[in-house]
Amino acid sequence: MVVIDGHGGYVPLYRVDRSEVAAQHGGRGRGESAVPARDENHVTMACEAADNALARSGVEGGNLGAVVTASVSDPFAEHGIAAHVAARLGATGGVRTTDLRGSRCAATDALATAQEFVAANDAPVLVVGVDVLPADPESDEVAEAGAGAGAVVLRPEADSPAAEFAGVGQETTGFVEHHRRHGEAGETGDAKFESRHGVGEAAPAATERALDGATPAKAVAAAPSDRLAGAALGGVDVEQVSTRDRVGDAGAAAAVLDLAHLLETTEAGETALVVAYGAGGAGAVALETAEGVGTADAKSVATYLDASEETTYAKHLEYREPVEYEGVKTP
Amino acid sequence: MSGPRYERTRRQDQHLIGFECQACGWVSFPEEKRTCKRCGDAPAEMTEVQLQERGEIQTFVVQQYLPDDIETPQPVAIVDLPQAGEGEPARAYGLLTETDLEEIDVGTEVVARFRELFSDGERPINSFKFSVPREEKA
């Protein structure tokens, strides 16, 4: 048995009202998108979510067996996120660290990898999804570029877990329509073509394998767009839990952030579904929620959503640029 | 572990660890002093102590004129961080982040936040700043 014992999210303080972006740029103008502060990066945001997840678990950072991160926006080709999060948490030495990237499926891949590690090694694993999507004023996606992080702690067993793993599914198709280079806005193709041959072929197959006949009550979905996220759950009659209206596109992190939000707001004894659709296919994880759901012992995603400050379109763009000088002269 | 070459191995850059003088109880953070700043004990016997993440502003100044790349006003505070166990608090110096001037005063509770302090070329260097607790923004 593998359980989730500890869940937490993190959403930056600042938000841009998409109607303000639309006023200057055109395009869609509903909802808001999270804007990372200038002194936030993937590692610091991941640590905030991890702190909340660990606070809800009975696990000290130093007792973790592995740290697995998922991101589609890590700006570094070589640098990584997982090892830095692990070091910050005191999880050094014989600790496995893994950075998964390249597709939003990295989120479900991270959960599946962690489940297998826990089962094989009888040691707790921290999974963190973290993303800061680039905001390119030349792109239609500029208003939706969001940021956020989510984390869960997996263990072989716990006194009061939030959820138990019920199934994991995968559908690798190799189909890629939405794609993106480092630091650039994504390129999307024919929506109908992608609906039919991309998400339409991948997500139902992965979901069916994960659920194995179970009927979910709630679900989260990560995908390159709101429409594709809905399509990823298209074959399942389920209540979707999503922070996208308040956070924007949080990349692969959306699956873990929304899972934390789901575990904070759901009841025990329900089947929950996590689906991630992205480049190459889809992944799905089925969970049975348990008595450890709720918001005790750490800041909730709802708190992060409510505790916000509006910022400008200019800051939305500027804050995503690398910091070159922040308080101390660089060598 | 990321960090500039000259102090990449300092654990206290990523962990709230102070150093308590065994002669007088004064706590240093983040530096591990060889001479106690208060009693002058040298070489001082310093013991690692765990600090709490929430502390109290003792005093602060607001920097208004800084290089263009730094947002102003930039408050800088002296914060007392209590130990997790018994003993004196550490008196820490730190930048404030995500904090408006009207939110802070002497005695305001702040929380240590792991943030990007500066960069070494393109590489972010993360360590501690302070902010008012996030839940107070709700």
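Residues numbered from 1 in each chain as written. Chains lettered and ligands numbered in written order. Predicted model: local features only at pLDDT ≥ 70, side-chain atom pairs only at ≥ 80, totals over all residues.

Visitor: Explanation requested: the confidence of the model for chain B in the structure shown.
Guide: Close reading of the predicted structure is inappropriate where its pLDDT is low. All names here are of chain B. Averaged over all residues, the pLDDT of chain B equals 92, while 93% of them reach at least 70. By mean pLDDT, the top-scoring element of chain B is strand β4 (residues 54–63) (98), and the lowest-scoring one is strand β7 (residues 109–120) (92). Interface predicted TM-score (ipTM) for the complex: 0.94; the corresponding pTM is 0.95. (pLDDT = per-residue confidence, 0-100. Helix = DSSP H or I, 4+ residues; strand = E, 2+ residues; numbered from the N terminus.)

Visitor: Please clarify how the sheet that holds strand β11 (residues 271–278) of chain A should be interpreted in this entry.
Guide: For sheets, the rule is that strands pair by backbone hydrogen bonds, running either parallel or antiparallel. All names here are of chain A. One open sheet holds the ten strands; their spatial order is β5-β4-β6-β7-β1-β8-β12-β11-β9-β10, and the pairing between them is mixed. Because the sheet does not close on itself, it has two edges, and the strands there are β5 (96–101) and β10 (239–240). The strands touched by helix α5 (residues 191–211) within the sheet are β8 (163–172), β11 and β12 (281–289), with β8 carrying the most contacts at an inclination of about 145 degrees. Packing against the sheet, helix α8 (residues 253–265) makes contact with β1 (3–10), β4 (66–71), β6 (125–132), β7 (147–155), β8, β9 (218–222), β11 and β12, and its axis sits at approximately 65 degrees to β7. (Pairing = 2+ DSSP bridges. Contact = placed C-beta atoms within 7 Å. Axes fitted to C-alpha atoms, helices over the stretch in contact; angles between N-to-C directions.)

Visitor: How should I be thinking about the pairing of strand β5 (residues 74–81) of chain B in this particular structure?
Guide: The side chains of a regular strand alternate, first on one face of the sheet and then on the other. Residues and elements named next belong to chain B. Only one face of β5 is covered, namely the one carrying P75, A77, V79 and L81; the face carrying Q74, V76, I78 and D80 has none of its residues buried. As judged from the seven bridges shared by β4 and β5, these two strands associate in the antiparallel manner. When the bridges of β5 are listed, E56 appears paired with D80. As judged from the six bridges shared by β5 and strand β6 (residues 90–95), these two strands associate in the antiparallel manner. Among the inter-strand pairings, A77 is bridged to a residue of β6, identified as G94. (Buried ≥ 20, exposed ≤ 12 C-beta atoms within 10 Å, placed from the backbone.)

Visitor: Help me out: how do you make sense of the UniProt feature "domain: ChsH2 C-terminal OB-fold" (unreviewed entry) in chain B in this one?
Guide: Residues annotated by UniProt as "domain: ChsH2 C-terminal OB-fold" (unreviewed entry) correspond here to residues 48–115 of chain B. The span residues 48–115 of chain B is 0% helix and 50% strand, and its two end C-alpha atoms sit 23 Å from each other. (UniProt positions renumbered as here; feature names shortened; annotations may be inferred.)

Visitor: I'm lost on α8 of chain A in this one. Help?
Guide: Spacing of three or four residues puts side chains on the same side of an α-helix, whose turn is 3.6 residues. Look at α8 of chain A: 18 Å from first C-alpha to last across 13 residues, which is about the 18 Å you get at 1.5 Å a residue. The buried count for α8 of chain A comes to twelve of 13 residues, which makes it a mostly enclosed element. (Expected span 1.5 Å × (residues − 1).)

Visitor: Hey, could you run me through the confidence of the model for chain A in this one?
Guide: In the predicted model, chain A carries a mean pLDDT of 93, and the fraction of residues at 70 or more is 96%. Note that residues 323–331 of chain A has pLDDT below 50 and, in this model, 30 contacts with residues that lie over four places away or in other chains.

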